[in-house]
Amino acid sequence: MSGGGVAFSMTAVEELQRQAEQFRASGLLGKPGALSRLFDFLLSRSLSGEVPKEIEIALQVFGKGANFDVAQDSVVRVYVHKLRRRLEEFATRSLTPHDSRITIPKGEYRLVLEPGSAAAVPSAAPEITESPLIQVAPPSVPSWRRWLRPALLASAAFIAGVVLTYGFISNPQERDLNAVRHSAVWGPLLDDDLPITLVVGDYFLLGEVDQAGNVERLVREFYVNSNQDFLDHLQLNAGQMRNYRNVDLTYLPAASAFALQDLVPVLNAGKQVRVTLLSALDPRLLKTSHVVYVGYISGMGMLGDRVFAQSRLALGGSFDELHDMQTGTDYVSTAMPMGPEGGAFRDFGYFSTFAGPNGNRMVVISGTRDNGVMHVAETLSRRVGIDQVTRQAAGADSFESLYEVDGMARAGLNARMLFVSPMKNDAIWSVAP
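*Asks:* Help me understand a nonpolar patch on the surface, please; the structure alone is not making it clear to me.
*Replies:* Together, Val-215, Leu-218 and Leu-249 give the surface a local cluster of nonpolar side chains, amounting to about 250 Å² of exposed area. Mapped onto the elements, Leu-218 comes out in strand β5 (residues 215–220). On the basis of relative accessibility, which here comes to 46%, the residue Leu-218 falls in the partly exposed class.

Below you can see the structure in the form of structure tokens.
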């Protein structure tokens, strides 16, 4: 065995296998995919006493090529963090305090058994089975008490049967998902016949040309977010746009894919859901469907004007800076797209829900960078996260919240809610931004 191996005793191996089967059966891994492949891989290596490296996981689990650079791609760390959260959720709702639990140690890629905190329960005293020398006749029992006990037992049996039946037909994951779908955030979108439009924030790219008219490189201009924006700016300022060509290309942040993975199970409730890019969004859909935006704050486009018209937050000097007008606090993201390996960062996730211009609903899942967006999506697809934000919203029809996410090496590690604040719904669509 290599020097980096970790040996298990036979008892620990059996316990790890037993809990792994229970974790799979809980449904927290979701449908077969990258997360379940990661768990199976770590389980196999941990049972054999081996600790794989990040590059090895990238190659064997995620199918990355030999030129994969762990400093530039955080897919392994993001999925390991997600798996650690699922294991914590499983332990919280499935185990008793004295049970051991499966965990992934911080900074490592292996599964370990963490012992429970409660002391062992002492064994009961042996039961005495000998008959007493003198038997005393039991006291007479009133007639009504003779049928009371059977009646109570029958009622208890009925209640237990109902509970057990419910447990068999609805596992914990399904019950949690059902609670999320009927929450104050998602219920208004899923409980009617209006379609849902899922808007993904993309970035419109322009081709910068040289003197010969050849496209030299691709560039991003924040004031050009669609084909129509390009045509408008070309007509208004042809001189400024003469160095650009419309190459009809856009790109998406990596966070969008991870966020959609969490949101699709929530929205997959038998309703029509269409997906469109922000750059191709038809403004009429803002009135004729529910709208869910997923992406960076800098990618909101036309939606950003309305969201921040009545928000307590205002954009700072860049889309990585937010200013809280109520407290005077400035929030600045330090999560860069190509951050250094091992570097600590702070990111911010933003969420809001409010009525659309025609009685429909708008939900915004956003952030300054990837980890902010991913944290908000994960929070709003989990019962614990939904309960926390709706409880603090205190029944408000329209409200917003901000989350702070701390991490390292581009993987979010800790997060906390900074505030939940009501929004003036009646002014969002009537006040010009």
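*Asks:* Can you walk me through the side chain of Arg-86 in this structure?
*Replies:* With respect to the secondary-structure elements, Arg-86 resides in helix α4 (residues 75–94). Among all residues touching Arg-86, those that are not within four sequence positions of it are Phe-23, Leu-28, Leu-35, Asp-262 and Arg-382.

*Asks:* I'm lost on the environment of Tyr-296 in this one. Help?
*Replies:* Tracing the backbone through its elements, the reader meets Tyr-296 in strand β8 (residues 290–296). The class of Tyr-296 is buried, set by a relative accessible area of 11%. Linking Tyr-296 and Asp-370, residues 74 residues apart in sequence, is a C-alpha distance of 7.6 Å. When near neighbours in sequence (up to four residues on either side) are disregarded, Tyr-296 contacts Tyr-203, Pro-253, Ser-366, Gly-367, Thr-368, Arg-369, Asp-370 and Val-373. Within the structure, Tyr-296 has its side chain in polar contact with the side chain of Asp-370 (distance 2.6 Å).

*Asks:* Teacher, can you tell me more about the packing of aromatic side chains here?
*Replies:* Think of a pair of aromatic rings as described by two things: how far the centres are apart, and how the planes are tilted against each other in angle. With the rule as written, the count across this model stands at nine aromatic pairs. Centre to centre, the rings of Phe-62 and Tyr-79 are 5.1 Å apart; their planes meet at 50°, and the pair counts as tilted. Linking Phe-62 in the loop between α3 (54–60) and α4 with Tyr-79 in helix α4, this pair joins segments that are 17 residues apart in sequence. You can call Phe-62 buried: its relative accessible area is 16%. Lying across the ring of Phe-419, Arg-312 places its NZ or CZ 3.9 Å from the centre.

*Asks:* Help me understand the nonpolar core in this model?
*Replies:* In globular proteins that are soluble, nonpolar side chains generally tend to be buried together. Core analysis: the largest hydrophobic core is formed by 61 residues, its most contacted members being Phe-39, Leu-42, Ile-57, Leu-83, Trp-186, Val-292 and Ile-365. Counting residues per element, this core draws most heavily on α4, which supplies eight residues. The residues touching Val-292, leaving out its near neighbours within four places in the chain, are Trp-186, Leu-189, Ile-196, Thr-197, Leu-198, Val-199, Val-363 and Ile-365. In terms of nonpolar packing, the next biggest core, distinct from the first, is built from 23 residues, Val-199, Leu-281, Ile-297 and Met-300 among them.

Parameters and conventions
- Residues numbered from 1 in each chain as written.
- Predicted model: local features only at pLDDT ≥ 70, side-chain atom pairs only at ≥ 80, totals over all residues.
- Heavy atoms only, no water.
- Patch = residues over 30% accessible without salt bridge, like charges linked within 9 Å, V, L, I, M, F, W, Y side chains within 5 Å.
- Areas by Shrake-Rupley, 256 points an atom, 1.4 Å probe, with all protein chains shown as cover.
- Salt bridge = Lys/Arg side-chain N within 4 Å of Asp/Glu carboxyl O.
- Helix = DSSP H or I, 4+ residues; strand = E, 2+ residues; numbered from the N terminus.
- Buried < 20%, exposed > 50% of the residue type's maximum accessible area, 1.4 Å probe, protein only.
- Contact = heavy atoms within 4.5 Å.
- Polar contact = N/O pair within 3.5 Å; in protein donor to acceptor, adjacent residues only side chain to side chain.
- Phe/Tyr/Trp six-rings, centres within 6.5 Å; stacked < 30°, edge-to-face > 60°.
- Lys NZ or Arg CZ within 6 Å of the ring centre and 35° of its normal.
- Core = buried A, V, L, I, M, F, W, Y, C linked by side-chain atoms within 4.5 Å.

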